[in-house]
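# Commentary on secondary and tertiary structure
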Amino acid sequence: MTDASPPRPFGRIALIGIGLIGSSLARFIRRDGLADHITVCSRTHATLDTARELGLADSITTDPRQAVEGAELVVLSTPLSAYAAIAEAMAPGLRPGCIVSDVGSVKQCVIRDVGPHMPDGVHLVPGHPIAGTEHSGPEAGFAELFQGRFCVLTPPPGADEAAVQRIVDLWQRAGMTVEVMDAGHHDKVLAITSHLPHLIAYTIVGTATDLEDHLKKEVVRYSAGGFRDFTRIAASDPTMWRDVFLNNRESVLEMLQRFSEDLTALQRAIRWGEGEKLFDLFTRTRDIRRGVIDANQA
Ligand code: NAP
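Please read these numbers as outputs of a predicted model, since none were measured by experiment.

## Looking at the packing of helix 7 (residues 183–209) against helix 10 (residues 238–247)
- Put simply, helix 7 and helix 10 touch, their axes get as near as 11 Å, and they point 120 degrees apart. If you check the angle between helix 7 and helix 10, you find them oblique. Both helix 7 and helix 10 take part in a crossing whose hand is left-handed. Between helix 7, through Ser 194, His 195, His 198, Leu 199 and Tyr 202, and helix 10, the contact on the second element is made entirely by Trp 241, Val 244 and Phe 245.
- Its residues placed into classes, the contact of helix 7 with helix 10 shows 5 nonpolar, 3 polar and no charged.

Here's what the structure looks like:
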């Protein structure tokens, strides 16, 4: 950096977890020169070695406490089930003024699992970049993953405004539109837009897997009829999705209840030959698709 260069937004950043999301974050932090130093922490040496080979880390460790020492920003990007233990382990290494954020797909559980371990003067700003693929691991990431997508931040009441703004700025630099909302609201909205669709995909693909052999073979062959799109979603990481359903139980069950009622209504319409009912619903749902395209989220 020359004397004329503006200061980097962050000194030391610690990334805990360096899979699809963590490594995409590392790539864009590197690309845009947003930190003086990136420390990467992961569970296994194999993942850490890969992160280093990919040029994503200035230093590596398996120890969360060591990783966060001297960090201005810590971002958790592991499965949700690992959060509580990581928060407890890293807490003694956190310095006052540090911001602790994350990328997890459910948000109330972050305040529940990480919040109690945060020392005084450390700012917890949970976040969820709503962007992803069905792939996992440090090699799967790319800096443009977040471009044009939404990111939701769910700071607990009374959170430090300057800390929240720094995380808003970070995700905006990644090309995201950032919204701040209550964690419970986030979990409800995502239950219908993300969690239920994944559950349905897992169910359909599971049902096909249980068919008799002669039908099963035909499923793959004729998958372009619609099944193919569900197989992509149902190929998503099993650990991540197990954790999503265990940690957003209430909201998912509520949306699932509504969905089951609507499915039963459709079942009746088909049974009784009520074509108009089917046609009306399919016309309404087409409009939703147009809305998604207009919002550039297709
Ligand atoms: P991933 O590619 O599977 O990477 C997970 C990372 O967490 C790896 O570095 C892994 O370390 C580490 N890890 C796994 N289990 C751990 C444990 N028990 N203790 C400590 N570290 C552990 O995962 P990802 O897709 O990036 O997802 C990470 C987070 O992002 C999740 O909370 C998920 O909800 C959220 N998210 C995902 C998506 C998506 O589409 N994938 C989108 C938005 C948000 P090792 O490899 O060393 O075991």
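Alright, that's what it looks like, and here's the rest.
## A word on unusual backbone geometry
- For Asn 296, which is not glycine, the phi dihedral falls at a positive 60 degrees.
- If you trace the backbone, Asn 296 turns up in the segment after helix 12 (275–294).

## What about the pairing of strand 4 (residues 73–76)?
- Because side chains alternate across strand 4, one face comprises the buried residues Leu 73 and Val 75, and the other comprises Val 74 and Leu 76, equally buried.
- Where strand 1 (residues 10–16) lies against strand 4, 4 bridges are found, and the strand directions are parallel. Across the sheet, Leu 15 pairs through a bridge with Val 75, a residue of strand 4.
- Traced from strand 4 through helix 4 (residues 83–90) to strand 5 (residues 99–102), the parallel crossover comes out right-handed.

## Regarding the packing of aromatic side chains
- Taken as a whole and assessed by the stated rule, the structure comprises 4 aromatic pairs.
- A centroid spacing of 5.0 Å and a plane angle of 70 degrees characterise the contact between Phe 146 and Trp 171, whose relative ring orientation is edge-to-face. Of this pair, Phe 146 sits in the loop between strand 7 (127–129) and strand 8 (150–153) while Trp 171 sits in helix 6 (residues 161–173), and the two are 25 residues apart along the sequence. The pair Phe 146 / Trp 171 is uniform in exposure class, with both members buried.
- Aromatic side chains Trp 241 and Phe 245 sit 5.9 Å apart centroid to centroid with 45 degrees between the ring planes, which places their arrangement in the tilted category.

## Things to note about the environment of Ala 183
- Within the fold, Ala 183 resides in helix 7.
- Considering only alpha carbons, one finds Ala 183 and Val 152, 31 residues apart in sequence, at a separation of 9.1 Å.

## A word on the nonpolar core
- Core analysis: the largest hydrophobic core is formed by 39 residues, its most contacted members being Leu 15, Leu 25, Phe 28, Leu 73, Phe 146, Leu 153 and Trp 171.
- Of all the secondary-structure elements, those providing two or more residues to this core are strand 1, helix 1 (20–31), strand 2 (35–41), helix 2 (45–53), strand 4, strand 8 and helix 6.
- Excluding its chain neighbours within four sequence positions, the residues that come into contact with Trp 171 are Leu 25, Phe 28, Val 103, Pro 129, Phe 146, Cys 151, Leu 153, Met 176 and Val 178.
- Counting residues in hydrophobic clusters, the runner-up holds 30 residues, among them Ala 71, Leu 80, Val 106 and Trp 241.

## Comments concerning the domain arrangement of the protein
- Under the domain assignment used here, the protein contains domain 1 (10–181) and domain 2 (186–294).
- Just the C-alpha atoms count here: the centres of domain 1 and domain 2 sit 31 Å apart.
- Facing the 17 residues of domain 1 at the interface are 15 residues of domain 2.
- For the domain 1 and domain 2 pair, buried surface summed over both sides reaches about 1,200 Å², with 58% attributable to carbon and sulfur atoms.

Conventions we followed
Residues numbered from 1 in each chain as written. Predicted model: local features only at pLDDT ≥ 70, side-chain atom pairs only at ≥ 80, totals over all residues. Heavy atoms only, no water. Axes fitted to C-alpha atoms, helices over the stretch in contact; angles between N-to-C directions. Helix = DSSP H or I, 4+ residues; strand = E, 2+ residues; numbered from the N terminus. Parallel < 35°, antiparallel > 145°, perpendicular 65-115°, else oblique. Left-handed = near helix turned anticlockwise from the far one by under 90°. Contact = heavy atoms within 4.5 Å. Nonpolar A, V, L, I, M, F, W, Y, C, P; charged D, E, K, R; others polar. Buried < 20%, exposed > 50% of the residue type's maximum accessible area, 1.4 Å probe, protein only. Pairing = 2+ DSSP bridges. Right-handed = clockwise from strand over helix to strand, strands pointing away. Phe/Tyr/Trp six-rings, centres within 6.5 Å; stacked < 30°, edge-to-face > 60°. Core = buried A, V, L, I, M, F, W, Y, C linked by side-chain atoms within 4.5 Å. Domains from an automatic or database assignment. Buried area = accessible area lost by both parts, 1.4 Å probe.

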